[in-house]
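Below are the chains, spelled out letter by letter.
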Amino acid sequence: MRVLIQDGGRVHASTQQRAVGHRPYFFLSYAHTPGYGGGTDPDMWVERLFQDLCGHVMAMTDLPAGAPAGFMDREIRSGEGWSERLGDVLATCRVFVPLFSPRYFASEMCGKEWYAFEQRAIHHRARSNQPAEAIVPALWVPVPPSQLPGSAERLQFNHRDFGERYVSDGLYGLIKLRLFAEEYERAVYELAKRIVSVADSVRIDTGRPVDYRLAPSAFGSPSSGVGAPRPMQITIAAPTRHDLPDGRNSDHYGDHPQDWNPYYPASARPLAYVAEELVRSLNYQAVITSFDEDRQDGKAPPSTPEILLVDRWALRDEDHRRRLAAFDAENRPWVTLVVPWSRDDHQSRAAETELIEKLEETMPVKMGQGRALCRAAAKGVPSMEAFGQLLPQIVEVAAQQYLKHAKAYPPGPGGGSGERTRLTGPMGNTSYIPDPHDPATEAEDL
């Protein structure tokens with residue numbers, strides 16, 4: 001219902017109407033604690049923290065009454081689509097606040113929330129080439145550094161700014177003991193200040209809602225456990241601006257193959273570094289190499305899963321074409337082919353038929369494998385958004401193919417520990433299938 005307030009002959013919209021359109025300042029991500037012994041709700045203390053944070057944020061900003069200061073999933077009403085609601089808020093909130101605890105990093109659901117928000121930051125950095133760190137972590141229960149996944153370990157954040165007792169006991173310890181009431185108030189106040197500061201300075205772009213049910217976890221798969229990120233090689237096969245084919249625009253290239261940017265000007269960053277961030281968001285440690293560098297003997301077993309990004313324009317150079325053909329003849333099925341190809345690049349569209357034929361002739365084995373394992377990646381990924389949507393599937397394929405072909409060491413003397421190294425994909429048992437209306441699937445129709 002619309003409510004109007006009459007004041008001195010002037011009609012004003014209600015405060016509820018003025019609050020429409022305001023994005024939540026923060027999304028509070030936390031792990032639900034199971035009930036024990038039939039007592040009180042174990043998450044009531046998290047809700048108290050949330051309410052305290054919202055009160056501080058309202059006091060520190062000019063948000064109108066009724067505008068959302070923050071969001072936590074307890075606000076989802078009965079009967080409301082929880083996946084759609086979480087996806088919408090994660091696509092629009094200004095700051096992501098994860099509550100660190102051992103249970104948090106063991107939660108696949110929390111990893112999905114982190115992943116969904118991190119995609120916005122990665123694409124914001126790709127478009128602007130500017131920093132976009134909008135994750136403000138909070139210690140609910142202190143977690144040893146050895147138990148942090150790569151996504152949390154990489155955060156540059158000094159928790160000691162919130163107090164020594166906060167670092168040693170976390171917010172849960174402070175909120176439960178009256179003795180530490182003053183330390184709790186200080187920590188929550190400082191946390192709210194940091195949320196407002198980051199929200200007002202970073203202003204990360206809104207994004208497309210991620211289907212929360214199908215999204216991978218930023219912490220890896222449940223079966224792999226939390227630990228050091230696993231390796232993933234990203235190899236770039238592309239010209240530089242010094243050896244471009246005649247007539248090719250140099251705007252997409254730099255001094256090194258790793259500087260290739262097929263989605264310019266929509267993206268301001270080279271694709272290799274965007275891919276590195278996307279791979280890292282799945283709890284892998286990415287290593288960027290150039291196809292021009294010395295490569296491992298093709299007959300040797302693989303040492304790491306690999307993603308090969310190929311620029312079709314490289315096939316107009318006879319040396320590039322010869323070396324790619326030799327690589328294809330070695331038949332390395334653990335290397336997953338991806339062909340980034342911008343639909344907005346008029347020069348590439350004009351030469352598309354010719355260059356597709358050259359790629360099919362030069363790398364028939366890899367193209368055949370690509371059509372079987374990830375057809376859209378091999379056929380041509382038409383935009384940065386599509387690339388981001390497809391990458392979890394690409395990483396999963398690369399990890400699975402590596403496991404199939406990696407050398408297994410037998411038990412016994414000189415044979416290793418007797419247990420084959422496991423490299424579980426980022427999604428575990430979850431099949432991440434892009435929505436047919438998402439940009440990623442547009443590659444199938446081009």
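Residues numbered from 1 in each chain as written. Predicted model: local features only at pLDDT ≥ 70, side-chain atom pairs only at ≥ 80, totals over all residues. Heavy atoms only, no water.

A.B. asks: What should I look at first to understand the overall build of the protein in this one?
C.D. replies: Helices and strands together make up the secondary structure of the protein, namely 16 helices and ten strands. At a minimum sequence separation of 6, the contacts of the protein that also span at least 24 residues come to 78%. With the model as given, the accessible surface of the protein reaches about 20900 Å², and the carbon-plus-sulfur share is 50%. (Helix = DSSP H or I, 4+ residues; strand = E, 2+ residues; numbered from the N terminus. Contact = heavy atoms within 4.5 Å. Areas by Shrake-Rupley, 256 points an atom, 1.4 Å probe, with all protein chains shown as cover.)

A.B. asks: I tried to follow the sheet that holds strand E10 (residues 335-338) on my own but got confused; where do I start?
C.D. replies: One key point about sheets: their strands pair by backbone hydrogen bonds, in either a parallel or an antiparallel sense. Within the open sheet, the four strands sit side by side as E8-E7-E9-E10. Their pairing is parallel. Edge strands, defined here as strands with exactly one partner in the open sheet, are strand E8 (284-290) and E10. Strand-to-strand twist across the sheet, computed as the mean angle between neighbouring axes with direction ignored, equals 25 degrees. Pairing analysis gives five bridges linking strand E7 (residues 230-237) to strand E9 (residues 306-310), with the strands arranged parallel. Residue pairing in the sheet places Gln233 in a bridge with Glu306 of E9. Across the sheet, helix H9 (residues 271-280) lies against E7, E8 and E9, angled at about 160 degrees from E8, the strand it touches most. (Pairing = 2+ DSSP bridges. Axes fitted to C-alpha atoms, helices over the stretch in contact; angles between N-to-C directions.)

A.B. asks: Teacher, can you tell me more about the sheet that holds strand E6 (residues 138-139) here?
C.D. replies: On the basis of which strands lie adjacent, the open sheet formed by four strands has the order E4-E3-E5-E6 and parallel pairing. Two strands close off the open sheet at either side, each with one partner strand: strand E4 (70-71) and E6. Sheet topology note: the strand E5 (residues 95-100)/E6 ladder contains two bridges and is parallel. Looking at the pairing, Leu99 lines up with Ala138 of E6. Strands in contact with helix H2 (residues 44-60) are strand E3 (26-29), E4 and E5; relative to E3, the strand with the most contacts, it is inclined by about 165 degrees.

A.B. asks: Looking at this structure, how should I read the pairing of E10?
C.D. replies: Regular strands place their side chains on alternate faces of the sheet. Neither face of E10 is open: one carries Val335 and Leu337, the other Thr336 and Val338, and all of them are buried. Taken together, the four bridges between E9 and E10 define a ladder with parallel strand orientation. In the sheet register, Leu309 faces E10, and the bridge partner there is Val338. Regarding topology, helix H10 (residues 318-329) serves as the crossover connection from E9 to the parallel E10, and that connection is right-handed. (Buried < 20%, exposed > 50% of the residue type's maximum accessible area, 1.4 Å probe, protein only. Right-handed = clockwise from strand over helix to strand, strands pointing away.)

A.B. asks: It is not clear to me how the pattern of salt bridges should be interpreted in this structure. Could you clarify?
C.D. replies: Note that side chains of opposite charge can pair when their charged atoms are close. Under the definition given, this model contains 21 salt bridges. Between Arg127 and Asp205 there is a salt bridge, and its shortest N-O distance comes to 3.3 Å. Of this pair, Arg127 sits in helix H5 (residues 108-128) while Asp205 sits in the loop between helix H8 (181-202) and E7; the two residues are 78 residues apart in sequence, bridging distant segments of the chain. Of the residues examined, Arg127 reaches a relative accessible area of 34% and is grouped as partly exposed. Among the ionic pairs, Glu352 bridges to Arg312, the shortest N-O distance being 3.9 Å. In this pair, Glu352 is assigned in helix H12 (residues 352-362) and Arg312 in the loop between E9 and H10, connecting sequence segments 40 residues apart. (Salt bridge = Lys/Arg side-chain N within 4 Å of Asp/Glu carboxyl O.)

A.B. asks: How should the confidence of the model for the protein be read in this particular structure?
C.D. replies: Atomic detail in the predicted coordinates should be set aside for any region of low pLDDT. Of all residues in the protein, 81% have pLDDT values of 70 or greater, and the mean over the chain is 84. Looking across the protein, the model is least confident in strand E1 (residues 4-7), with a mean pLDDT of 36, and most confident in E5, with 98. Ignoring residues within four places in sequence, the model shows residues 1-20, a span with pLDDT below 50, making 20 contacts including any to other chains. For residues 411-446, every residue scores under 50 in pLDDT, and the model assigns this stretch 86 contacts once sequence neighbours within four places are set aside. (pLDDT = per-residue confidence, 0-100.)

A.B. asks: Even after reading the chapter, I still don't get the nonpolar core, so can you show me in this structure?
C.D. replies: Looking at soluble globular proteins, one finds that nonpolar side chains tend to be buried together. Counting 105 residues, the largest nonpolar core has Phe26, Trp114, Leu171, Leu309 and Phe387 as its most contacted members. With residues near it in sequence (within four places) discarded, Trp114 still touches Phe96, Pro98, Phe100, Tyr104, Phe105, Ile135, Ser151, Ala152, Leu155, Ala218 and Phe219. Core analysis: the second largest hydrophobic core is formed by 15 residues, Leu315, Phe327, Leu337 and Met367 among them. (Core = buried A, V, L, I, M, F, W, Y, C linked by side-chain atoms within 4.5 Å.)

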